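An overview of the molecular structure
The chain contents come next:
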Amino acid sequence: MTSAKSALRVDFVTGAVAHRLRFGGGRGQDLAKAMGMRAGKTPRIVDATAGLGRDSFLLASLGAEVTMIERSDVMHGLLQDGMARARQEGGIFGTILSRMTVLHGDAKALLPKLNAEAILIDPMHPPRKNSALVKRELRQVREIVGTDEDAVALMQVALRHARQRVVLKWPAKAAPMPGIKPHSYQILGKSTRYDVFMCHAGCEGNAV
């Protein structure tokens, strides 16, 4: 049987990622709006839960400098491999990858050192019945990274250290993350919503 480690591949050049790059809708996409990429503004972004790197790639394709953080040894290696192959393609892919950096480590320890303007957090959720998370690729990611049991602690660190905003990517129908102050506003999609927490030199009062 093929393992998740060997079967899973980070691909920024073909498939869904390439289609989103060509036809995704630019800065009008929900993620870009949630991260503050509007009215000519392009914040420096930290993706604290990088995973397959697709959100980071989208944001970098729109002009943002993006630092990804991944604590899984395996996933970090897959990201490095995918980034190297995209750089080799050159052209637009080389340009986008020049704005992407990946760090290996625990985001809770790294975020205080990064002086991030905007932080994206997309925790890995436990499996849900009748959910899109049964897709093969996301099952493979879960096999590698597990479930982010420390998501609340990560959010609390992000809220203390973001200069402008923290964005929580969350299932559209899920209850708010417990122990976190109310969001400033939401952007709601069909299956995903973005809870946006506006900050000024760190969000104070991050726990309720």
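Refer to the structure printed above.
Being a predicted model, the structure only gives us computed values, none of them experimental.

1. Structural notes on the side chain of Lys169
Here Lys169 is to be found in strand E5 (residues 165-171). Classification of Lys169 by relative accessible area gives buried; the value is 16%. Only 2.8 Å separates the side chain of Lys169 from the side chain of Asp55, close enough to count as a polar contact.

2. Quick notes on the side chain of His76
Note on placement: His76 falls in helix H5 (residues 73-89). Owing to a relative accessible area of 11%, His76 belongs among the buried residues under this scheme. In contact with His76, other than residues within four places in its own chain, are Glu70, Val102, Leu103 and His104.

3. A short note on the pattern of salt bridges
Between side chains of opposite charge, a pair can form when the charged atoms approach closely. Within the structure shown, the criterion is met by 10 salt bridges. Note that Asp55 is salt-bridged to Arg20, the shortest N-O span being 3.4 Å. With Asp55 in helix H4 (residues 54-61) and Arg20 in helix H2 (residues 15-23), the pair connects residues that are 35 residues apart, well separated along the chain. Overall, the relative accessible area of 9% leaves Asp55 in the buried class. Residue classification places Arg20 among the partly exposed residues on the basis of a relative accessible area of 30%. Linked through salt bridges whose partners overlap, the residues forming this network are Arg20, Asp55, Asp122 and Lys169.

4. With respect to the sheet that holds E5
Taken in spatial order, the 7 strands line up as E3-E2-E1-E4-E5-E7-E6 in an open sheet, and their pairing is mixed. The sheet is open, and its two borders are formed by strand E3 (100-104) and strand E6 (185-188), each paired with just one other strand. Neighbour to neighbour, the strand axes of the sheet diverge by 20° on average, direction disregarded. Across the sheet, H5 is in contact with strand E2 (66-70) and E3; its angle to E3 comes to roughly 160°.

What counts and what doesn't
Residues numbered from 1 in each chain as written. Predicted model: local features only at pLDDT ≥ 70, side-chain atom pairs only at ≥ 80, totals over all residues. Heavy atoms only, no water. Helix = DSSP H or I, 4+ residues; strand = E, 2+ residues; numbered from the N terminus. Buried < 20%, exposed > 50% of the residue type's maximum accessible area, 1.4 Å probe, protein only. Polar contact = N/O pair within 3.5 Å; in protein donor to acceptor, adjacent residues only side chain to side chain. Contact = heavy atoms within 4.5 Å. Salt bridge = Lys/Arg side-chain N within 4 Å of Asp/Glu carboxyl O. Pairing = 2+ DSSP bridges. Axes fitted to C-alpha atoms, helices over the stretch in contact; angles between N-to-C directions.

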